[in-house]
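Here are the chains, one letter per residue:
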Amino acid sequence: MNKVSQDLLLQRAENEFLQGDYAKALRSYGLILKDYPTLDEAKIGVYLSDLGIESEEEAQALFDYYQMIKSEKENAVDIIDGLIENLDSSKHKLQELLIEPIEEQIEYSDGIRYSDFQALVKSRGSFKKTFEDIMFSTKVVITNKDEFIDFVTQLANEGFDEMALGYLDASTSLFGNDQDILALYHVVRGQK
């Protein structure tokens, strides 16, 4: 390809980006990088298109800023890379700050984490007794598939078959056709 076609490809990718079609722009920039792996404009385009899929405003703002500085500053690519890296780092730190209060809210709002429930079971020595004591007053908060499988299996083992089936039926929209979850139907029905 010659320089004109490179410029045309970049123009097309930029237009897709500016129209807000970030997935298409990402694909176009990626194809440009395949032929021109060191082309800074395409690298920035990939980063910003990927960012645009998550956050349109941030991506557009960084794109506009890059357009302004690319002809004025030799290190424009490094500046944008640094901004993207700082943005990712800030988002990650913000997520960490938000997750802790959410976890605390789960812990204290009419619910008990499954790990805390398991600790109660261990201290009392009986899943059935512990579950009977809390089942009408407290929700057991399950946060992942492994906890769910363990919980439903324990319910079935302790004779709470109908309740286990109810949990399974209610979870089909969450887990879809997950084979581990579907296998629980056999576990529950096998306990009868």
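A brief structural summary. (Residues numbered from 1 in each chain as written. Predicted model: local features only at pLDDT ≥ 70, side-chain atom pairs only at ≥ 80, totals over all residues. Heavy atoms only, no water.)

## Structural notes on the overall build of the protein chain
In terms of regular secondary structure, the protein chain is built from 10 helices and 2 strands. Helices and strands appear in the protein chain in the N-to-C order α-α-α-α-α-β-α-α-β-α-α-α. By the burial criterion, 32% of the 192 residues in the protein chain qualify as buried. Here the analysis covers contacts within the protein chain between residues at least 6 apart in sequence; of these, 52% occur between residues at least 24 apart. On the protein chain, roughly 12300 Å² of surface is accessible, and the fraction owed to carbon and sulfur atoms is 51%. (Helix = DSSP H or I, 4+ residues; strand = E, 2+ residues; numbered from the N terminus. Buried < 20%, exposed > 50% of the residue type's maximum accessible area, 1.4 Å probe, protein only. Contact = heavy atoms within 4.5 Å. Areas by Shrake-Rupley, 256 points an atom, 1.4 Å probe, with all protein chains shown as cover.)

## Some words on the nonpolar core
A general trend in soluble globular proteins is that nonpolar side chains are found buried together. Core analysis: the biggest nonpolar cluster contains 24 residues, and Phe17, Tyr29, Ile32 and Leu48 have the highest contact counts within it. Secondary structure elements with two or more residues in this core: helix H1 (3–18), helix H2 (22–35), helix H3 (40–54), helix H4 (56–69) and helix H5 (76–108). Discounting chain neighbours no more than four positions away, the residues touching Phe17 are Tyr22, Ala25, Leu48, Ser49, Ala59, Gln60 and Phe63. By size, the runner-up hydrophobic cluster in this structure holds 21 residues, among which are Phe127, Ala156, Phe160 and Tyr185. (Core = buried A, V, L, I, M, F, W, Y, C linked by side-chain atoms within 4.5 Å.)

## A closer look at a nonpolar patch on the surface
Residues Tyr65, Met68 and Leu83 make up a contiguous nonpolar surface patch of roughly 270 Å² in combined accessible area. Of note, Met68 is situated in helix H4. A residue is classified by how much of its surface remains accessible, and Met68, at 54% relative accessible area, is exposed. (Patch = residues over 30% accessible without salt bridge, like charges linked within 9 Å, V, L, I, M, F, W, Y side chains within 5 Å. Salt bridge = Lys/Arg side-chain N within 4 Å of Asp/Glu carboxyl O.)

## Some details on the packing of helix H8 (residues 145–157) against helix H10 (residues 179–190)
Look at H8 against H10: their axes get within 10 Å of each other, and the N-to-C directions meet at 5°. On the basis of the axis angle, H8 is roughly parallel to H10. Between H8 and H10, the contacting residues are Lys145, Phe148, Ile149, Val152, Thr153 and Ala156 on the first element and Asp180, Ile181, Leu184, Val187 and Val188 on the second. The class makeup of the residues in the contact of H8 with H10 is 8 nonpolar, 1 polar and 2 charged. (Axes fitted to C-alpha atoms, helices over the stretch in contact; angles between N-to-C directions. Parallel < 35°, antiparallel > 145°, perpendicular 65-115°, else oblique. Nonpolar A, V, L, I, M, F, W, Y, C, P; charged D, E, K, R; others polar.)

## Focus: helix H7 (residues 127–134)
Of all the positions in H7, only Phe127, Thr130, Phe131 and Ile134 are classed as buried. All buried residues of H7 project into a common sector of 95° when viewed along the axis, lining one side. Check the buried side of H7 and you find it contacts strand E1 (111–113), helix H6 (114–124), strand E2 (139–141), H8 and helix H9 (161–175). For H7, the N-terminal capping position is held by Ser126, with its side-chain oxygen 3.4 Å away from the main-chain nitrogen of Lys128. (Arc of directions from axis to C-beta. Polar contact = N/O pair within 3.5 Å; in protein donor to acceptor, adjacent residues only side chain to side chain.)

## Here's the deal with the environment of Glu58
Considering the arrangement of structural elements, one finds Glu58 in helix H4. A sequence separation of 26 residues divides Glu58 from Ile84, and the C-alpha atoms of the two residues are 9.5 Å apart.

## Brief notes about the pattern of salt bridges
Here the structure, examined in full by the defined rule, presents 3 salt bridges. Lys129 is paired through a salt bridge with Asp133; the nearest N and O atoms lie 3.5 Å apart. Separated by 4 residues within a single helix, Lys129 and Asp133 lie in helix H7, roughly one turn from each other. Because the salt bridges share partners, they merge into one network encompassing Arg124, Lys129 and Asp133.

## Brief notes about the packing of aromatic side chains
Two descriptors summarise a pair of aromatic rings, namely the distance from one centre to the other and the angle between the planes of the rings. Going through the model one piece at a time under the given rule, you end up with 12 aromatic pairs. Three or more aromatic residues joined by ring pairs make a cluster, and in this case those are Tyr114, Phe117, Phe127, Phe131, Phe151, Phe160 and Tyr167. (Phe/Tyr/Trp six-rings, centres within 6.5 Å; stacked < 30°, edge-to-face > 60°.)

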